[in-house]
Amino acid sequence: MTSCGLLNSSNKPVPLHSGSVTVLIRGFVADVGCELLYRNDEPVPVEAMFVFPMDAEASIYAFQARLGGVCIEAQLREKKQAQELYGDALAGGQSSFLLQQEGAGGDVFSCSLGNLPPGEEAALTLRYVCELPLEPDGAARYMLPAVLRPRYTPDGWDGEDVTQGVPRVPQGKVPYTLSLSATLQSPHGIDRVLSNCSLSPLSYTARNRTTAQVSLAEAPPWDRDVELLVYYAEPHKPSAVLEVGLPGAEPGSLMGDPALMVTLLPSLPEVVPGQSPAGEFIFLLDRSGSMECPLDGRDHSPQRIDSAKETLVLLLKSLPLGCYFNIYGFGSQFESFYPQSVGYTQQTMAESLQWVQQLQADLGGTEILAPLRAIYRSPCRDGHPRQLFVFTDGEVVNTQEVITEVQHHRGAHRCFSFGIGEGASTALVKGIARAAGGSAEFITGQDRMQPKDPGVPAPPWVYRSLPQALQSLKRALQPAGTGISLSWDLPPGMEAELLGRGPEVIFRGQRCLIYAQLRGKPQVSALAWLH
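Residues numbered from 1 in each chain as written. Predicted model: local features only at pLDDT ≥ 70, side-chain atom pairs only at ≥ 80, totals over all residues. Heavy atoms only, no water.

Looking at the overall build of the chain
No. 1: The helix and strand inventory of the chain stands at seven helices and 30 strands.
No. 2: Considering only contacts within the chain whose residues lie at least 6 apart along the sequence, 70% involve residues at least 24 apart.
No. 3: For the chain, the accessible area works out to roughly 24,700 Å², and carbon and sulfur atoms hold 52% of it. (Helix = DSSP H or I, 4+ residues; strand = E, 2+ residues; numbered from the N terminus. Contact = heavy atoms within 4.5 Å. Areas by Shrake-Rupley, 256 points an atom, 1.4 Å probe, with all protein chains shown as cover.)

Structure, rendered in structure tokens:
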């Protein structure tokens with residue numbers, strides 16, 4: 001279990017006294033600044049460490065610590081050299097810190113701050129950027145990381161999951177203040193902003209409604225994450241954001257040349273499947289021991305395995321007659337319902353539903369590579385494109401190897417993944433979906449502001465997983481847009497160099513972000529379009 005926040009050498013939280021968060025949201029990217037003030041209330045010095053879980057699609061680009069009147073700013077160094085410099089400073093009684101990436105998936109960042117004297121304060125400034133997911137209703141969603149504030153602990157709760165590492169305090173005894181303000185920008189207009197917390201009225205700062213501001217109106221509830229849902233007036237129009245190079249940086253370098261981000265959210269018509277259903281649907285379900293844990297830390301929260309099973313049942317009942325399917329369970333070992341995929345009939349569906357209800361989290365560890373390879377060894381069926389659905393709550397030690405295996409077979413299937421419960425590895429869940437042209441969803445116990453149908457009795461978590469699961473299945477049943485190319489119309493002497501891979505597939509209802517570096521003399525009039 002990974003503890004989060006500012007911790008002492010005993011892995012106990014150092015009290016947070018105030019937090020201030022500013023967010024700049026441009027389309028589907030957020031630039032977040034956090035100012036956090038901690039104080040050592042212990043009678044002795046502590047060696048403090050700041051641990052910050054990061055989404056796989058987020059990057060920290062600035063970190064600063066102020067301790068005892070000294071301001072230290074992070075600088076990039078080779079890992080071994082950085083560790084040596086930190087050790088020398090600490091041995092000399094100096095305040096220093098070491099920022100590094102941890103976790104098998106690289107989605108936890110830790111920073112050793114060194115000695116924090118008794119009664120002294122540590123002021124931390126953190127800046128990071130992150131891509132924002134697209135909600136089924138077209139909103140861009142930003143979530144404030146829970147590590148920035150302790151949560152309310154229900155009486156009698158002694159559960160075990162990753163959020164147990166987030167500092168918790170009793171309700172009504174929150175010893176700090178929290179403020180959050182957001183600036184929104186879109187060249188095609190901002191329609192509205194919703195949240196699960198009270199907000200100030202949306203204030204437009206431009207007549208054409210291309211910029212706006214909003215902030216928390218009061219302290220947010222302490223039993224949930226803070227979410228912002230941003231709706232744009234014309235979300236399907238392409239847009240581009242140009243960022244100039246860093247002053248003083250060497251021309252031609254990553255930080256010296258301007259960078260461009262292109263946002264694509266094409267309005268693709270919905271395709272109605274033909275009378276001859278086609279497709280092979282394979283479901284890979286995590287049955288490791290940790291799937292017995294609750295979705296979150298609140299009372300009466302369902303087990304992760306129950307949430308995964310309910311989602312799997314929903315998907316099974318929604319498959320078209322005539323397709324093929326199979327179900328695998330994995331832990332330290334794996335097993336499948338059928339030796340190979342079978343035709344989807346009323347009989348095979350009824351048999352499978354009965355088997356699913358009997359599944360337990362009883363297969364030990366989280367070894368996903370072996371069942372994936374077994375699936376890929378089985379031959380694909382002509383005329384039935386393979387669609388793989390993965391349900392997992394875990395972090396594995398070979399994340400990159402798993403992603404590489406999925407990517408190696410990307411031409412033969414799509415992968416749709418579901419992270420079950422808080423703390424599911426974003427690097428794994430998003431990585432395998434991205435590697436095979438699918439999509440990733442996360443099912444947690446937090447309120448997601450999804451509409452509830454009062455006429456359909458079901459556990460609360462089903463309301464949250466239902467739209468996510470059906471959205472993934474709907475994408476799987478839709479043909480993907482492929483054969484995508486990007487052309488740039490730039491002034492003479494300039495060229496655009498893609499950062500990372502270009503888009504290979506775009507599903508209906510999915511946004512695509514493309515990053516490029518502009519080489520040559522910076523120009524503002526770069527224009528990009530999609531063929």
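Describing the packing of aromatic side chains
No. 1: This model, assessed by the stated rule, comprises 13 aromatic pairs.
No. 2: Judged by centre distance (5.9 Å) and plane angle (25°), the rings of phenylalanine 50 and phenylalanine 52 are stacked. Of the two residues examined, phenylalanine 50 and phenylalanine 52, each falls in the buried class.
No. 3: A ring pair is formed by phenylalanine 325 and tyrosine 344, whose centres lie 5.6 Å apart and whose planes are at 80°; its orientation type is edge-to-face. With phenylalanine 325 in strand S21 (residues 324–330) and tyrosine 344 in the loop between strand S23 (342–343) and helix H3 (346–358), the pair connects residues that are 19 residues apart, well separated along the chain.
No. 4: Here the aromatic cluster, defined as three or more aromatic residues joined through ring pairs, consists of Tyr38, Phe50, Phe52, Phe63 and Tyr128. (Phe/Tyr/Trp six-rings, centres within 6.5 Å; stacked < 30°, edge-to-face > 60°. Buried < 20%, exposed > 50% of the residue type's maximum accessible area, 1.4 Å probe, protein only.)

Examining H3
No. 1: The end-to-end C-alpha separation of H3 is 19 Å, in line with the 18 Å expected for 13 residues at 1.5 Å each.
No. 2: Taken together, the buried positions of H3 are Thr348, Met349, Ser352, Leu353 and Val356. Seen along its axis, H3 keeps its buried residues to an arc of 135°; they face one direction. Looking at H3, the residues exposed on the side facing more than 90 degrees away from the buried face are Gln346, Gln347, Gln354 and Gln358.
No. 3: Of the surrounding elements, those touching the buried residues of H3 are helix H2 (304–318), S21 and S23. (Expected span 1.5 Å × (residues − 1). Arc of directions from axis to C-beta.)

A short note on the sheet that holds strand S2 (residues 16–26)
No. 1: With mixed pairing, eight strands are arranged side by side in an open sheet as S6-S5-S9-S3-S2-S13-S16-S15. Edge positions in the open sheet fall to strand S6 (70–73) and strand S15 (203–204), since each of these has one partner strand only.
No. 2: In this structure, S15 lies alongside strand S16 (residues 211–215), joined through two bridges in antiparallel fashion. Note that in S16 the partner of tyrosine 204 across the bridge is alanine 212. (Pairing = 2+ DSSP bridges.)

Here we look at the sheet that holds strand S17 (residues 226–232)
No. 1: An order of S10-S17-S14 is seen for the three strands of this open sheet, with the pairing classed as antiparallel. The strands lining the two open edges of the sheet, one partner per strand, are strand S10 (140–144) and strand S14 (190–195). Sheet twist, expressed as the mean angle between neighbouring strand axes with direction ignored, is 20°.
No. 2: Bridging between S14 and S17 involves five bridges; their strand directions are antiparallel. When the sheet's bridge partners are listed, leucine 194 is paired in S17 with leucine 229. (Axes fitted to C-alpha atoms, helices over the stretch in contact; angles between N-to-C directions.)

Points about the packing of helix H5 (residues 399–408) against helix H6 (residues 426–435)
No. 1: The interhelical angle for the contact between H5 and H6, taken along N-to-C directions, is 20°, at an axis separation of 8 Å. Comparing their axes, H6 and H5 come out roughly parallel. The two elements H5 and H6 cross, and the hand of that crossing is right-handed. Together, Thr399, Val402, Ile403, Val406 and Gln407 of H5 and Ala427, Leu428, Gly431, Ile432 and Ala435 of H6 make up the contact between the two elements.
No. 2: The class makeup of the residues in the contact of H5 with H6 is seven nonpolar, three polar and no charged. (Parallel < 35°, antiparallel > 145°, perpendicular 65-115°, else oblique. Left-handed = near helix turned anticlockwise from the far one by under 90°. Nonpolar A, V, L, I, M, F, W, Y, C, P; charged D, E, K, R; others polar.)

Quick look at the nonpolar core
In summary, soluble globular proteins display a tendency toward joint burial of nonpolar side chains.
No. 1: Judged by nonpolar contacts, the single largest core of 55 residues is most densely connected at Val21, Ile25, Phe50, Leu113, Tyr128 and Tyr142.
No. 2: What isoleucine 25 contacts, discounting residues up to four positions off in sequence, is Ala30, Leu132, Tyr142, Thr183, Leu184, Gln185, Val230 and Tyr232.
No. 3: The next biggest cluster of nonpolar side chains, apart from the first, holds 33 residues, and it includes Val313, Leu319, Phe337 and Ile420. (Core = buried A, V, L, I, M, F, W, Y, C linked by side-chain atoms within 4.5 Å.)

Focus: the state of the cysteines
No. 1: Summed over all chains, the structure comprises zero disulfides.
No. 2: Considering cysteine sulfurs only, cysteine 130 is the nearest to cysteine 34, which forms no disulfide, with 9.8 Å between them. (Disulfide = S-S within 2.5 Å.)

A closer look at a nonpolar patch on the surface
No. 1: A cluster of nonpolar side chains, contributed by Leu246, Leu254, Met255 and Leu499, occupies part of the molecular surface with about 390 Å² of accessible area.
No. 2: Examined against the element boundaries, leucine 246 turns out to sit in the loop between strand S18 (239–243) and strand S19 (259–264).
No. 3: On the basis of relative accessible area, leucine 246 is assigned to the partly exposed category, the value being 48%. (Patch = residues over 30% accessible without salt bridge, like charges linked within 9 Å, V, L, I, M, F, W, Y side chains within 5 Å. Salt bridge = Lys/Arg side-chain N within 4 Å of Asp/Glu carboxyl O.)

Some words on H5
No. 1: Listed as buried for H5 are Thr399, Val402, Ile403, Glu405 and Val406. For H5, the angular spread of buried residues about the axis comes to 160°, placing them on one side. Across from the buried face of H5, at angles greater than 90 degrees, the exposed residues are Gln400 and His408.
No. 2: Turning to H5, the residues buried within the fold contact helix H4 (369–377), strand S25 (413–420) and H6.

Some thoughts on the pattern of salt bridges
No. 1: This structure, assessed with the given rule, holds 16 salt bridges.
No. 2: Between arginine 141 and glutamate 135 there is a salt bridge, with the nearest N and O atoms lying 3.1 Å from each other.
No. 3: By relative accessible area, arginine 141 is classed as buried at 15%.
No. 4: By relative accessible area, which is 8% here, glutamate 135 ends up buried.
No. 5: A salt bridge links aspartate 393 to arginine 304, with the nearest nitrogen and oxygen atoms 2.7 Å apart. Residue aspartate 393 is located in the loop between strand S24 (386–392) and H5, and its partner arginine 304 is located in helix H2; the two are separated by 89 residues in the primary sequence.
No. 6: By relative accessible area, aspartate 393 is classed as buried at 5%.
No. 7: For arginine 304, a relative accessible area of 5% gives the class buried.
No. 8: Because the salt bridges share partners, they merge into one network encompassing Arg39, Asp41 and Glu121.

It is worth stressing that arrangement in space is one thing and function is another; only the former is reported here.
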